Amino acid sequence: VNSFVARTNTCGELRAAHVGQEVTLCGWIQYQRQGLFLVLRDFQGLTQLVIPQDEAHSHVRKLLSSAPVESVVQVTGIVSSRPPGQENVKMPTGDIEVKVETAEVLNFCKKLPFEIKDFIKKSEALRMQYRYLDLRSSRLQHNLRLRSRVVMRMREYLCNHHGFVDVETPTLFKRTPGGAKEFLVPSREVGKFYSLPQSPQQFKQLLMIGGLDRYFQVARCYRDEGSRPDRQPEFTQIDIEMSFVDQAGIQSLIEGLLQYSWPEERGPITTPFPSMTYEEALATYGTDKPDTRFGMEIVDISDALRRWDVRFVQNVLSYPHGTAKAICIPQGVRYLKNKDLESLKEAAKSQFNQEIVDVICRPDESLKSLLTKFLGEEQQSELKQVLNMQVDDVVLLAAGDHKRVCSALGSLRLESADLLEAAGMVLRDPTALHFLWVVDFPLFLPKEENPTELESAHHPFTAPHPSDTNLLYSDPAKVRSQHYDLVLNGSEIGGGSIRIHDAEQQRFVLEKVLKEDSEVLSHLLEALEFGAPPHGGIALGLDRLISLIVGSPSIRDVIAFPKSFKGRDLMGNAPDYVTPEELEPYHIHVSWPVAETEAKKN
């Protein structure tokens, strides 16, 4: 790290073994103390400098004593041992100091908008406005350098060990049917636009048809959707595709890739990862990305309730997809307040239109609930046994449509876990790594706006499950897919599938099932007719993966220059206005609302 540059050493590498050596250091002034000492910082650490006090070095003393914090300096001096008792065990360089002989201020720093210290709290908006200053923090330095190491190890594993070819695919392309909204880019041809791809999906399939056999790319992808803590309008994927592979082959590759690239400080990864079907995940955890670090699993109590004479429950269970399920919150009486329970029930009502009944186990083991007036002692005892209820446990019970009930209870499971942990219960180990494959997703789902029509659950290129191929032509809503997701601690970090490699099957899916214009994909359909090999792949969300490794709640902490929650670049103020003259070659005219016209003038 010291080759090609003015320094001889970094600020983080000097030790007792360097005592007596003349060194040159470059970095930022972390802080200065009484004109006697100065702490210099660079990307690798901190070194204490001793400012000379003798007359011969008065110009050095004056220079370093007056330079503001965060000014950039270059110093040359002799490494010395610190006086006995003045060592700093909290600093890796705490046994030594550098007695400065010459110094140069390379650049003075003006008054800072915030201090460059990790313990100083800053608003996220301020951090993003001055991102270049925020990047100096040890936390972001660590995150970005770890990200670089992980990506480098991934390249080694894929290219050097398994013969993958790193191929860059175009950023300017055309609209893809289905999936997320895409950003449009105007062209100089009247009425014609490019799209920024939400993934290199079509290109990597075309590379397989082209005979490359094994492709990967650290791919930039774009989605015109609102930002969330784990989503950005532009993001990075580790994109992978292979020919002549099945689902098990892709899964084994990814498990090996993560084992090889995983940072040592996070501990080893155990493979193979467990697997669960989509239906199992929904029924047990209420989501297709379950956090398996803790229990509180959804329990089906339909059979028990069918035997009881509770009319409103019987009515619900008589419907085709009617069910009754519950989750048990351990020690809920001790850790949750009444307002917490009311908040949970209100969330289920507002988000899922699902009523929730709570059941509390009193100290005498009797049950307190609106439901108990319909139940005898024997039935209450059976309910406690089915749910394994203990004293002070709280049960949340729901009855209704299977998917809605599961989704509501799955959401309440996670909200309850947050409340329990906020109240002091240790529930989810932050150091634990619970990987999980979720498989056998439905190939199609009913459209929200029109449930009689179908849309792709993954994307329109996903192949049907081999056992369900015939159903594709008779009852497509029942077809399972060869789609698989990789989940880590309740977050989806990757998703992929085996692809359709038969042109006629692909055309049928597009035209007959999805009712899409296949002409948009005529290039791909034609390519599939020229000897397309069976192929499949996966994409790992690099930003989300790294944020989980470093324990950050937001992917913005692992991206050098992220967008804000609203998708804006607060540092460069993008997106920004352009003049009518700049738009003219693209045949675009902006029609401004009156309010926006006035704002633009101001």
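Because the structure is a prediction, the values reported are computed rather than measured.

A. Representation of the domain arrangement of the protein in the model. Here the protein is described as being made up of domain 1 (16-107), domain 2 (141-264 + 451-541) and domain 3 (294-423). Centre-to-centre separation of domain 1 and domain 2, based on C-alpha positions: 52 Å.

B. Molecular detail of helix α15 (residues 503-513). Looking at α15, one finds that the buried residues are A503, Q505, Q506, V509, L510 and V513. Contact partners of the buried residues in α15: β18 (444-446), β19 (454-456), α14 (471-474) and α16 (522-528). Regarding α15, its N-cap is D502, as a side-chain oxygen of that residue lies 3.2 Å from the backbone nitrogen of E504 further along.

C. How the structure looks around the packing of aromatic side chains. Under the criterion given, the structure shown has nine aromatic pairs. Here the aromatic rings of W437 and Y484 are separated by 6.4 Å at their centres, their planes lie at 80 degrees, and the arrangement is edge-to-face. Linking W437 in strand β17 (residues 435-439) with Y484 in strand β20 (residues 483-488), this pair joins segments that are 47 residues apart in sequence. Through pairs of rings, three or more aromatic residues link up here, namely W262, F273 and F435. One cation-aromatic arrangement involves R153 over Y260; the distance from NZ or CZ to the ring centre is 3.9 Å. Across from the ring centre of F294, 5.6 Å away, lies the NZ or CZ of R428, which sits over that ring.

D. Representation of the sheet that holds strand β2 (residues 37-42) in the model. Pairing in this closed barrel of five strands is mixed, and the strands run β1-β2-β3-β5-β4 around the ring. Put simply, the sheet's adjacent strands are angled 55 degrees from each other on average, direction ignored. Where strand β1 (residues 22-33) and strand β4 (residues 72-81) come together, seven bridges link them in antiparallel fashion. Bridge pairing links L25 to V75 in β4. The strands that helix α1 (residues 58-66) touches are β1, β2, β4 and β5 (96-107); relative to β5, the one it contacts most, it runs at about 75 degrees.

E. Looking closely at the nonpolar core. Membership of the largest hydrophobic core comes to 47 residues, with the highest contact counts inside it found for I240, I254, L258, F435 and L486. The biggest single contributor to this core is helix α4 (residues 138-162), with six residues. Apart from the residues lying within four places of it in its own chain, the contact partners of L258 are M154, I269, F273, F435, L486, L540 and L545. Listed in part, the 21 residues of the second largest apolar core include V394, L396, L420 and M425.

F. Quick peek at the state of the cysteines. Scanning all chains against the criterion turns up zero disulfides. Lacking any disulfide linkage, C26 is separated from the closest cysteine sulfur, that of C11, by 8.0 Å. Overall, C26 belongs to the buried group, its relative accessible area being 18%. Here C328 stays free of any disulfide, with the sulfur of C361 as its closest cysteine sulfur at 8.5 Å. The exposure class assigned to C328 is buried, which follows from its relative accessible area of 15%.

G. Examining the packing of α4 against helix α6 (residues 247-261) more closely. Between α4 and α6, the shortest axis-to-axis distance is 8 Å and the interhelical angle comes to 130 degrees. Taken together, the axes of α4 and α6 lie oblique to each other. As for the relative orientation of α4 and α6, their crossing is right-handed in sense. Contacts from V150, R153, M154, E156, Y157, L158 and H161 in α4 reach L253, G256, L257, L258, Y260 and S261 in α6. Taken together, the residues that form the contact of α4 with α6 break down as eight nonpolar, three polar and two charged.

H. Expanded view of the pattern of salt bridges. Scanning the entire structure with this criterion turns up 34 salt bridges. For the salt bridge of E156 with R153, the shortest nitrogen-to-oxygen distance reads 3.5 Å. Note that E156 and R153 are positioned in helix α4 at a spacing of three residues, about one turn of the helix. Note that E342 is salt-bridged to K345, the shortest N-O span being 3.3 Å. One end of the pair, E342, and the other, K345, are both in helix α11 (residues 338-352), three residues apart, so they sit about a helical turn from each other. On the basis of relative accessible area, K345 is assigned to the buried category, the value being 19%.

I. Looking closely at the side chain of R499. Mapping R499 onto the fold places it in the loop between β21 (491-498) and α15. Given the relative accessible area of 2%, R499 is considered buried. Within the structure, the side chain of R499 is placed 2.7 Å from the side chain of S497, a separation counted as a polar contact.

J. Representation of the pairing of strand β22 (residues 535-541). Across the seven residues of β22, six count as buried, placing the element largely inside the fold. In this sheet, β22 lies alongside strand β10 (residues 234-243) in antiparallel orientation, the contact comprising seven bridges. Among the inter-strand pairings, M242 is bridged to a residue of β22, identified as G536. Bridge count between β21 and β22: five bridges; the pairing is antiparallel. Within β22, the position partnered with G494 by the bridge is L540.

K. Molecular detail of the pairing of β4. With 10 bridges joining them, β4 and β5 adopt antiparallel strand pairing. Looking across to β5, one finds that G77 is bridged to V100.

L. Geometry of the sheet that holds strand β13 (residues 322-329). If you walk across this open sheet you meet the five strands as β12-β13-β16-β14-β15, and the pairing is antiparallel. In this open sheet, the two strands that pair with only one neighbour each are β12 (299-300) and β15 (367-368). Bridge count for strand β14 (residues 357-361) against β15 is two bridges, and the pairing is antiparallel. Residue pairing in the sheet places C361 in a bridge with L367 of β15. Across the sheet, helix α13 (residues 402-422) touches β13 and β16 (394-401), and the angle it forms with β16 is around 160 degrees.

Rules and cut-offs
Residues numbered from 1 in each chain as written. Predicted model: local features only at pLDDT ≥ 70, side-chain atom pairs only at ≥ 80, totals over all residues. Heavy atoms only, no water. Domains from an automatic or database assignment. Buried < 20%, exposed > 50% of the residue type's maximum accessible area, 1.4 Å probe, protein only. Helix = DSSP H or I, 4+ residues; strand = E, 2+ residues; numbered from the N terminus. Contact = heavy atoms within 4.5 Å. Polar contact = N/O pair within 3.5 Å; in protein donor to acceptor, adjacent residues only side chain to side chain. Phe/Tyr/Trp six-rings, centres within 6.5 Å; stacked < 30°, edge-to-face > 60°. Lys NZ or Arg CZ within 6 Å of the ring centre and 35° of its normal. Pairing = 2+ DSSP bridges. Axes fitted to C-alpha atoms, helices over the stretch in contact; angles between N-to-C directions. Core = buried A, V, L, I, M, F, W, Y, C linked by side-chain atoms within 4.5 Å. Disulfide = S-S within 2.5 Å. Parallel < 35°, antiparallel > 145°, perpendicular 65-115°, else oblique. Left-handed = near helix turned anticlockwise from the far one by under 90°. Nonpolar A, V, L, I, M, F, W, Y, C, P; charged D, E, K, R; others polar. Salt bridge = Lys/Arg side-chain N within 4 Å of Asp/Glu carboxyl O.

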